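Observations on chain architecture
Chain by chain, the residues:
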Amino acid sequence: MATQQDFVNAVELIDKSNNVLVTSHTRPDGDACGCVLAICTALEQLGKKAQPMFLSAIPEWYRFLFESEPAVIGEDITTEELSGAGYDLVVIVDTNSYVQLAKFDEWLRASDVPVLVIDHHVTSDNLGDVEVIDTTASAAGEIVYDLFKRAGWELGGKTARDLFVAIATDTGWFRFRNADARVYRYAAELIERGVDPAAVHEQIYQNFSPARMALLTRMLNNLTLEFDKRVAVQYLLQEDFRAAGASMSDTEDLIDECQRVSTVQVAVIFVELGNGKFKISLRSKTNVNVREIAQLYGGGGHTVAAGATLDMPLEQAREEILGHIAKQLD
C-alpha cells in the first residue's frame, strides 16, 4: 500500500513541474480515461500546462468524458514532437509496465524527463522516479482520489465524475470481488460531490454501437465450455472485426458476458491482432490465479483479471492456456 511519503513525493514532483504529459496504457479503459482526465484537470487548476495523450483510440462509450478528441500517439502526435514539446514531467497512470506502452516505450526509455507512476497492479518495471503504488486498490482511480484528498486539490463536478468512472468500471460497476468497503465509501463520497450514477451507467453500458453488438454476437457464436463447463473459451479473428464493422476497442468487457453462465469459473478470450499475434484476456471467479498465467507470456494484471500477447497460432495458444488453467483447477 502507498505510504504517506509516496504521496508527499508525488506532490513535490508535480509542484516542481510546469509542462506535464499525462498518459496510460494502450487500449485505454475507464480507469485509464478517468485518471488521465482528473489529473489533467488538477494540473490546469494549479496553473500548469497538461497534455493528455493516449496510446490508442478511446472507446466510443468513454468519449462523453472528453470535451474534445484527445491526442493519440502515432496519429495526432509523433515521438519527435514529444521530444520537442519541453515536458518537464511525465505522469503514467494504471500501468507500470513497458509492454503496455506500445509506441511510447522507446521514447520513455530514451528520455530524461522525470516520471511519476500511479498504479494498482502487481506487475512492475519500475518506470517511475516517483511511484505511488497500491496493489490493494481496486482501481488506479482510488489512488488518484487519495492523491487529490492528500494534496488538497479541488474535487467536484467533472473531476468527481471522471474518478467515479475510473472506480466503477474497474470494479465491473461494483460487482467484482475487488469492490470492497473502501470502493463503496469512495463512490458515495463522489456521488455526494455531484455524480449522477444512473446517467454515467447509461453512457457506458447502454450505449453499444450496432458494430459492437454484431461483434458480441460473433464472439458468443465462437463460445465453447471446457473442463465440465467450468472454463469458457472464446475467440475473435480479424474476419470477425471486418464482418461486424468493429474495431479493437469494441472488445472491452466482452469477456464478461460468458461469466453469466453459472458453471463458468474461468473465462478466456483470444483476439487476433493485425500482426497475426493474439491478445488474450483472462478472468477468474475462483482460486485460479490468471495473473500467473499471463506473466508466463510477458503480460500481467490481477489475480482475477489479466492479459498478455501471444505470438503463436490460435490452436497452439488455446492448448497452452487451457493447459495452464487445468493445472490450477480444483
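- The name given to the chain in an unreviewed UniProt entry is Bifunctional oligoribonuclease and PAP phosphatase NrnA, with Anaerohalosphaera lusitana as the source organism.

1. Notes on the overall build of the chain
- Within the chain, the secondary structure is distributed over twelve helices and twelve strands.
- For the chain, whose C-alpha radius of gyration is 19 Å, the value lies close to the compact-globule estimate of 20 Å for 330 residues.
- Principal-axis analysis of the C-alpha atoms places the extent of the chain at approximately 55 × 45 × 40 Å.
- Evaluated residue by residue, the chain yields a buried proportion of 54% over its 330 residues.
- Looking at the chain as shown, the accessible area adds up to about 14,200 Å², and 46% of this sits on carbon and sulfur atoms.
- Side chains of the chain give 29 positive and 49 negative charges; the mean places of these two sets differ by 4 Å.

2. Examining the packing of helix α6 (residues 157–170) against helix α7 (residues 181–192)
- At a minimum axis separation of 9 Å, α6 and α7 run at an interaxial angle of 155 degrees. As judged from the angle between their axes, α6 and α7 are roughly antiparallel. As α6 runs across α7, the sense of the crossing is left-handed. Here Ala-160, Leu-163, Phe-164 and Ile-167 of α6 lie close against α7, whose contacting residues are Val-183, Tyr-186, Ala-187, Leu-190 and Ile-191.
- Residue classes in the contact of α6 with α7 are distributed as nine nonpolar, no polar and no charged.

3. Remarks on the side chain of His-120
- Mapping His-120 onto the fold places it in the loop between β5 (115–119) and β6 (130–133).
- Of note is the side chain of His-120, whose polar atom sits 3.1 Å from the backbone oxygen of Ala-137.
- In terms of polar contacts, His-120 uses its side chain to reach the side chain of Asp-170, at 3.3 Å.
- Those residues in contact with His-120 that lie beyond four places of it in its chain are Asp-31, Asp-94, Asp-134, Thr-135, Ala-137, Ser-138, Ala-139, Ala-140, Ile-143, Asp-170 and His-302.

4. Description of the pairing of strand β1 (residues 19–24)
- Counting buried residues along β1, six of its six residues qualify, which places the element largely inside the surrounding structure.
- Handedness of the β-α-β unit built from β1, helix α2 (residues 30–45) and strand β2 (residues 49–54) comes out right-handed.
- For β1 and strand β4 (residues 89–93), the ladder comprises five bridges, and the chain directions are parallel. Paired with Val-20 across the bridge in β4 is Leu-89.

5. Describing the environment of Val-233
- By the secondary structure assignment, Val-233 is in strand β8 (residues 231–236).
- Residue classification places Val-233 among the buried positions, given a relative accessible area of 2%.
- In the structure, Val-233 is positioned 13 residues away from Leu-220 in sequence and 9.7 Å away in space, judged by C-alpha atoms.
- Aside from chain neighbours lying at most four places away, what touches Val-233 is Asn-222, Leu-223, Thr-224, Glu-226, Val-268, Phe-270, Arg-318 and Leu-322.

6. What about the sheet that holds β5?
- Taken in spatial order, the six strands of this open sheet run β3-β2-β1-β4-β5-β6, and their pairing is parallel. Two strands in the sheet have a free side with no partner beyond their single neighbour: β3 (71–72) and β6.
- Relative to β6, helix α1 (residues 4–15) is tilted by about 135 degrees, and along the sheet it contacts β4, β5 and β6.
- Along the sheet, helix α5 (residues 140–151) makes contact with β5 and β6, crossing β5 at roughly 120 degrees.

7. Side note on helix α9 (residues 210–221)
- Across its twelve residues, α9 extends 17 Å between first and last C-alpha, which sits within 8% of the 16 Å expected from 1.5 Å per residue.
- Every buried residue of α9 is accounted for by Ala-211, Arg-212, Leu-215, Leu-216 and Met-219. Each buried residue of α9 sits inside an arc of 140 degrees when the element is viewed along its axis, so together they form one side. Of the residues in α9, the exposed ones pointing more than 90 degrees away from the buried face are Pro-210 and Asn-221.
- If you follow the buried residues of α9, they end up packed against β8, α10 (238–244) and β9 (266–272).

8. Some thoughts on the domain arrangement of the chain
- Domains assigned within the chain are domain 1 (4–206) and domain 2 (210–327).
- Contacts between domain 1 and domain 2 engage 16 residues on the former and 17 residues on the latter.
- The contact between domain 1 and domain 2 buries some 1,300 Å² in all, and 50% of this surface belongs to carbon and sulfur atoms.
- The largest per-residue losses of area from domain 1 upon contact with domain 2 belong to Arg-27, Trp-61 and Arg-177, which jointly make up 41% of the total buried on that side.
- Summed over the shared surface of domain 1 and domain 2, the number is one salt bridge.
- Between the two partners, domain 1 and domain 2, sit three residue pairs in polar contact (both at pLDDT 80 or more).
- A class-by-class count of the residues in the side of domain 1 that touches domain 2 yields eight nonpolar, four polar and four charged.

Calculation criteria
- Residues numbered from 1 in each chain as written.
- Predicted model: local features only at pLDDT ≥ 70, side-chain atom pairs only at ≥ 80, totals over all residues.
- Heavy atoms only, no water.
- Helix = DSSP H or I, 4+ residues; strand = E, 2+ residues; numbered from the N terminus.
- Rg over C-alpha atoms; globule rule 2.2 N^0.38 Å.
- Buried < 20%, exposed > 50% of the residue type's maximum accessible area, 1.4 Å probe, protein only.
- Areas by Shrake-Rupley, 256 points an atom, 1.4 Å probe, with all protein chains shown as cover.
- Lys, Arg positive; Asp, Glu negative; His and termini not counted.
- Charge placed at Lys NZ, Arg CZ, Asp CG, Glu CD.
- Axes fitted to C-alpha atoms, helices over the stretch in contact; angles between N-to-C directions.
- Parallel < 35°, antiparallel > 145°, perpendicular 65-115°, else oblique.
- Left-handed = near helix turned anticlockwise from the far one by under 90°.
- Contact = heavy atoms within 4.5 Å.
- Nonpolar A, V, L, I, M, F, W, Y, C, P; charged D, E, K, R; others polar.
- Polar contact = N/O pair within 3.5 Å; in protein donor to acceptor, adjacent residues only side chain to side chain.
- Right-handed = clockwise from strand over helix to strand, strands pointing away.
- Pairing = 2+ DSSP bridges.
- Expected span 1.5 Å × (residues − 1).
- Arc of directions from axis to C-beta.
- Domains from an automatic or database assignment.
- Buried area = accessible area lost by both parts, 1.4 Å probe.
- Salt bridge = Lys/Arg side-chain N within 4 Å of Asp/Glu carboxyl O.

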